[in-house]
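Coordinate analysis (summary)
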Amino acid sequence: MSSADLLLHPVRLRIVQAFLNDRALTTNDLRDELSDVAPTTLYRHVSRLVAGGVLTVEAERRVRGTVERTYVLRMSAASLGLDHIQAMTAEDHRQAFTAYVAGLLGDFDRYLARGDVDLLRDQVGYSLAAMWLDDAEFAELRRELARVLAPRLANPPAPGRTRRIYARVLLPGDNGSGEHRTPPSETDAPAS
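Residues numbered from 1 in each chain as written. Predicted model: local features only at pLDDT ≥ 70, side-chain atom pairs only at ≥ 80, totals over all residues. Heavy atoms only, no water.

1. Looking at helix H2 (residues 10-19)
Because the α-helix completes a turn every 3.6 residues, residues three or four places apart line up on one side. For the record, the criterion: Burial here depends on accessible area, computed with a 1.4 Å probe over protein chains only, as a share of the maximum for the residue type. Under 20% is buried, over 50% is exposed, and the range in between is partly exposed. Every helix listed is a DSSP run of H or I at least four residues long, and every strand listed is a run of E at least two residues long, numbered separately from the N terminus.
Counted residue by residue, H2 has seven buried out of ten residues, so it is predominantly covered. All of the buried residues in H2 are Val 11, Arg 12, Arg 14, Ile 15, Val 16, Ala 18 and Phe 19. At the C-terminal side of H2, Asn 21 shows a positive phi close to 70°.

The structure is reproduced here in structure tokens:
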């Protein structure tokens, strides 16, 4: 199974997501967090992630005659490298994006299913924004976002902290003509 096939399945994405922020979890912990996933399905996907090297066993202990394993995420194995991404076909990317969006839809559905939903109180939001940026401005924006997010991504769980999911999608917009870049104006043309 390729790395993309292994990682880009909605249930396996949720399992990987549960381990983010250096969490160590048992399958019982995962069952509590992913209670809508049948236990046999959960165990099967954990086994695939272990076999694929995405999850590793950090500890084992005996519990009522069985061995309970505590797993951790191997971040290097839980992401696709640039070489793999570049080798993906358009259809591979379509499937990967579909799995990504399905994961977001599932997360939002589970939030709504909790019952006591208040987007303002819970600070839940979703929006789209379009910006006109040249490549240098876009690179600067990405660096600034990384600078702002990096220390927060390193926060450990603590009293008063809520685990929040931050998702982002960056796409080139269509200029209405099917082109993705504004054609140079006459004043941008090189002098002859």
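2. What to know about helix H6 (residues 90-113)
Put simply, the rule reads: Expected span of a helix: the number of residues minus one, times 1.5 Å.
Compared with an ideal rise of 1.5 Å per residue, which puts 24 residues at 34 Å, H6 spans 34 Å between its outermost C-alpha atoms and is within 8% of the ideal. Along H6, the positions that sit buried rather than exposed are Ala 96, Ala 99, Gly 103, Gly 106, Asp 107 and Tyr 111. Once H6 finishes, Gly 115 follows within two positions and takes phi at roughly 100°, a positive value.

3. A short note on the packing of aromatic side chains
Operational definition: Aromatic contacts are taken between Phe, Tyr and Trp rings whose centres are within 6.5 Å, Trp giving its six-membered ring; a plane angle under 30 degrees counts as stacked, one over 60 as edge-to-face, and the others as tilted.
Across all of its chains, the model carries two aromatic pairs by this definition. Aromatic side chains Phe 108 and Tyr 111 sit 6.0 Å apart centroid to centroid with 40° between the ring planes, which places their arrangement in the tilted category. Of this pair, Phe 108 and Tyr 111 both sit in helix H6, three residues apart, which is roughly one turn of the helix. On the basis of relative accessibility, which here comes to 28%, the residue Phe 108 falls in the partly exposed class. Look at Tyr 111 and you get buried, because its relative accessible area is 9%. Taken together, a centroid distance of 5.7 Å and an interplanar angle of 85° make the contact between Phe 108 and Tyr 126 edge-to-face. Remark: Tyr 126 occurs in the loop between helix H7 (119-122) and helix H8 (135-153) and Phe 108 occurs in helix H6; sequence separation between them is 18 residues. Grouping aromatic residues by their ring pairs yields a cluster made of Phe 108, Tyr 111 and Tyr 126.

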